[in-house]
Each structure stands twice: as structure tokens, then as C-alpha cells.
Amino acid sequence: SSLMNRKVKAADIHSVVWSEVRGQEVIDLHTHLLPPSHGALCLWGIDEMLTYHYLVSEYFMTAPAGITPEGFFAMNKNHQADLIWESLFIQRSPISEATRGVLTTLQALGLQSDVDNRDLDAIRKFYDGFREEGLKGVEKFVGEVYRIAGVRYALMTNIPFDSNEAQHWRPMKKEYPETFKSALRVDPLLAGDRKTVENALRASGYSTSLEDARKYLRDWCDTMKPEYLMASTPHDFSLPPSEGGGTLSGVTKKGVNESSLQSPFAFADLTGNDCNDCEATDNLPSIINETSDFLTEVLMPVCEERDLPLALKIGAHRSVNPALLSAGDGLVAFADTNSLARLCGRFPKVRFLATFLSRNNQQEACVLASKFRNLHIYGCWWFCNNPSIIKEITQMRVEMLGTAFTAQHSDARVVDQLIYKWSHSRAVIAKVLVTEYEKAVASGWRPTRKEIRRDVGRLFGGSFSEFMTKSLRMTF
Ligand code: RAT
Ligand code: ZN
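Below is a summary of the structure that appears in this document. (Residues numbered from 1 in each chain as written. Chains lettered and ligands numbered in written order. Predicted model: local features only at pLDDT ≥ 70, side-chain atom pairs only at ≥ 80, totals over all residues. Heavy atoms only, no water.)

Considering the sheet that holds strand S1 (residues 26-28)
To be explicit about the condition: DSSP bridges decide pairing: two strands pair if at least two such bridges lie between them. Numbering of helices and strands starts at the N terminus; helices are DSSP runs of H or I of at least 4 residues and strands are runs of E of at least 2.
Taken together, three strands build an open sheet; the order of strands is S1-S2-S3 and the sheet is parallel. Of all the strands in the sheet, the pair left with one neighbour each is S1 and strand S3 (180-181).

See below:
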């Protein structure tokens, strides 16, 4: 430990930072992974990797005209994977981020020679070895991946509105391993998707009143014991300025994203003025109707009551090309950051985790995080999850926020992807940190290894844990 407390020599910054970043176990605060006991919903293996929706959309850029999305999705996984392998790994070189990810993963799993031989069947055989052992084999594989990726635990995405998933929680709740923690996903509430919400309420024996909608959510919190509630916002998400008097104004959907028309100072005048919004639910309307605003009437009261954060993913434009299914989602060039500012201001006792999909929102996101203590910025999401963009975003975040943010989340859908998502991100984040420490050294700050370890720990999950354990209910 005396070594840990010794100042790191300028010449050693590089090697110390890299070894600390490599050795840091991470908390993966958003994935779509489900535990092996979820059966077919736990995705792993080469065919799942090859049919990841990032690769499906890459494949369709150059797929033969005769292969339609409908035809493609009607094929079995194995066949889809064959086509993608042939097109993206044999007909052209796998140098895009998503294709390279497959390589990094296979290499780490010891399959370099099969890759050298371009031998997909041999790769499949490796996976068959685990599959033949049934559930035990899957558990063994998952454990191995977590170890290689250096993941302490991952947050799942648990969707109560999906009956396939719900059956793994009710009526019999299974116990899930500590390596899979729950996050309660509530997109229909944020999207104002009344039909889905009402159907879900009816199907589980609730009435379609707002009180029952809250009860539905509370009951799911009791069942899932989530770390946070979570939703991605619809592309036209907007929380208008409140009209004073503490009345609840709703989430409106607009045909055009008006955020760019609003004054950049629009959020300044509404911070914290109407905290009574989040106090009680007595004066809320009781029946769900066209003007129901599930965000303020259902989600916020439950988040506050349970002291559960709401994690937001902002800026996706769903179904830009519906035929491509999940590979057909796009992004909003500029999402409305004012809405996030209003949320943070109107609900100061609720904590928000947020990430933006557009590169264009990243600077504003940093500014907001430094204005609202109930906001925590995390990860480089989806179209931002590319080394060049991770680099610029992480550097900007360090410059503006120090270590008070979470550098990455994997968003993995297939267990194996943990390996590449984390190794690629670690490499970029280490590079950024070397630069930033070298600048501090040049200004006369000599860090110890212990200090570097602490900082790296914060970026890879420590800051998130600190944010999660900090209740704001009492302090505001
Ligand atoms: O990146 C993705 O995998 C997307 O398909 C989305 O699922 C996104 O991550 C989300 O959670 O909404
Ligand atoms: Zn996701």
C-alpha cells in the first residue's frame, strides 16, 4: 500500500492508468441481458451476436435486392447469421465497430484460429459445447463472460408490459443472481401509450383509474425490486413550462420538435418553483383519459414515494424504417434538453439518470448535470457508442464534470457482447484519462496510484453508486 500512496512518476502515468482501467470491475448500468433462468430470453452465442440489430441494419445497406426485410426476418436465426457472416465478414472486411466487436469477442474467447480460418461452423461448435450442458452450461458461459469483461453486475431491462417477460416474475418469482439486477422499464407511460397501459391494467385485474395505474407500478416495484425505473422518451417528447399555480401540465406531443425555437434560458425560470407537484397525489385526476399525463400523474409520484430514480434515454426516433424492426430505429438530431431541465427542476426530490442519443446534445447534457444535483449523466448510447465519439464525449465530460458521471454502459443484448463493449470502451477511456492526468501533472498535481484507482472506480460505477445511495427526499 505504500506503493499505492506514492506519487506516480510522469513517465508512468500511461501504464498506471491503463492498468487501473483494465483492472477495474464495472457496474454495467444499462443492458438488455436477462439471466439464464429466463430461458430463451437469455441471448448468447455466435448466431445471436451476428444477428444483433446493429449488424442487421449494416447488412441491409448492401444486401441483394431479392432479400427483403420480411423475408429475412422469416428465416431462422441460423440462416440469418449465415447471410450476415457471408456479407459482412467474407465479402468485405469487418472493420465497422459492430463487426469488429464480434472479432474482439471471439478472440477473447480463444477462437482466433477459427476466425483466421473464417470458419463459422467451428465457432458454432465451441458454443455447442456449452449448450449441450443445458442450464449449467449457459450459467458457466455467462460467468466466464462476466470474468473476461470485468463486470461486477449488470442492470437488466425488465418490461412488465411484456407477458413473455412477466411470466418470469409472476406468479412465481424466481431468485436472480446478484450479477443481474433489475430495472423496471416503463416506456408506455412516458410515451402516453394509453392503450398499452389500459390493456396491461385490465389484464392484471386493475381498474383503469390513475390510482390503479400507480398501484400497478407500485406492485411491480414490490415484485421486481428495481434499482430504478426507466424509459426512453418518444421522439417528440416535451415537458412544457408549467403555467404557474402549481397545476400539473402534461407531456405534450408535438408534430415538430420545437426545442430549437425555445429560448436557451427557458429552463432558468422554472427550477424548483412548484415542488408541490411532487408532494401529494390527492389533487390528481382519477380516471385515465386523453389528457392523462402518466409522467407527472403516475411515474413521478411513485418514483418519489419509493425514492427510486428514473433513468431516461433521450433522442431515439423509433421506426424510421419500420420494416427493419429494431434495426429500423433512428435518432433525433437535437432532442429537447429543456424538458429534462424542467423535470429536474419540478421534481427536485426525484433523481434522474440521463443519456442522450445525439452527439449534438452532449454538451448541454453536461451543463445540466452541473446545474442539477438530482441529475446523473451516463454512458455513450448506441449511435454514440463508437470509439471516436466516446473519446470526444468522455473528454468533454471529464473537462466539465470531473469524475461525477458514469463513463459507459454496454447496452448489451447478447451476453457475449459484454466482452467487446467493455474492452473497446476501456481502451478509449484510458486514452482520455492519460491525457487529462498528464495535463494535471503539467500543472503541478501529482496523483498517487490510489487516487487514480479511486477516480477510475468512480467513472466505472462508483459515481453511479454514490448517486444511487444519495436520497434527496430529506435534503431539499
Ligand atoms: O441500443 C439499443 O439496443 C436500442 O435498440 C435500444 O434498445 C436502446 O438501447 C434502449 O434501451 O431503448
Ligand atoms: Zn438499451
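A look at the pattern of salt bridges
Cut-off, in case you're wondering: For salt bridges, the criterion is a side-chain nitrogen of Lys or Arg within 4 Å of an Asp or Glu carboxyl oxygen. Residue exposure (1.4 Å probe, protein chains only): buried if accessible area is under 20% of the type maximum, exposed if over 50%, otherwise partly exposed.
Counted according to the given criterion, the structure contains 29 salt bridges. For Arg124, the salt bridge identified is with Asp47, shortest N-O distance 2.9 Å. Remark: Asp47 occurs in helix H3 (residues 46-50) and Arg124 occurs in helix H9 (residues 120-131); sequence separation between them is 77 residues. Pair check on accessibility: Arg124 and Asp47 agree, each one buried. Sharing partners across several salt bridges, the network here consists of Asp47, Asp82, Asp121 and Arg124.

A short note on helix H16 (residues 337-346)
Which entries qualify depends on this criterion: Polar contact is defined as a pair of N or O atoms within 3.5 Å, subject to the rule that within protein one atom must be able to donate a hydrogen and the other to accept it, and that residues adjacent in sequence are counted only when both atoms are side-chain atoms.
Of all 10 residues that make up H16, 10 are buried, and the element is covered over most of its length. Regarding H16, the residues found buried are Thr337, Asn338, Ser339, Leu340, Ala341, Arg342, Leu343, Cys344, Gly345 and Arg346. Between the side-chain oxygen of the N-cap and the backbone nitrogen of Asn338 there are 3.0 Å, and the N-cap of H16 in question is Asp336.

A few points about the packing of aromatic side chains
For the record, the criterion: Pairing of aromatic rings covers Phe, Tyr and Trp, the last counted by its six-membered ring, and requires centre-to-centre distances within 6.5 Å; plane angles under 30 degrees mean stacked, over 60 mean edge-to-face, and any other angle means tilted. Counted as over-ring charges are cases with an Arg CZ or a Lys NZ within 6 Å of the ring centre that also lie within 35 degrees of the ring normal.
Applying the stated criterion across every chain yields a total of 19 aromatic pairs. Pairing Phe161 with Tyr216 gives two aromatic rings, centres 5.6 Å apart and planes at 40°, and the pair type is tilted. One end of the pair, Phe161, is in the loop between strand S2 (151-155) and helix H11 (163-166); the other, Tyr216, is in helix H14 (residues 210-224), with 55 residues separating them in the sequence. When its relative accessible area of 5% is taken as the criterion, Tyr216 is described as buried. With a centroid separation of 6.1 Å and an interplanar angle of 50°, the aromatic rings of Trp422 and Phe460 are classed as tilted. Linking Trp422 in helix H19 (residues 417-442) with Phe460 in helix H20 (residues 449-469), this pair joins segments that are 38 residues apart in sequence. The class of Phe460 is buried, set by a relative accessible area of 1%. Through successive ring pairs, a cluster of aromatic residues spans Trp44, Phe126, Tyr127, Phe130 and Phe141. Over the ring of Trp220 we find Arg170, and its NZ or CZ is 3.7 Å from the ring centre. When the ring centre of Tyr153 is taken as reference, the NZ or CZ atom of Lys181 above it lies at 4.6 Å.

Focus: the pairing of strand S5 (residues 228-232)
Note on strand geometry: in a regular strand, side chains alternate between the two faces of the sheet. Taking burial as the measure, the five residues of S5 include five buried ones, the bulk of the element. Burial along S5 is two-sided: the residues Tyr228, Met230 and Ser232 and Leu229 and Ala231 are all buried. With three bridges connecting them, strand S4 (residues 183-185) and S5 associate as parallel partners. Bridge pairing in S5 places Arg185 opposite Met230.

A closer look at the pairing of strand S6 (residues 310-314)
With five of its five residues buried, S6 lies for the most part within the structure. Neither face of S6 is open: one carries Leu310, Leu312 and Ile314, the other Ala311 and Lys313, and all of them are buried. Summarising the sheet, S5 and S6 pair through four bridges and their orientation is parallel. For Ala231, the partnering residue across the bridge sits in S6 and is Leu312. Sheet analysis places S6 next to strand S9 (residues 352-356), joined by five bridges and oriented parallel. Each bridged residue has a counterpart across the sheet, and for Ile314 the counterpart in S9 is Phe356.

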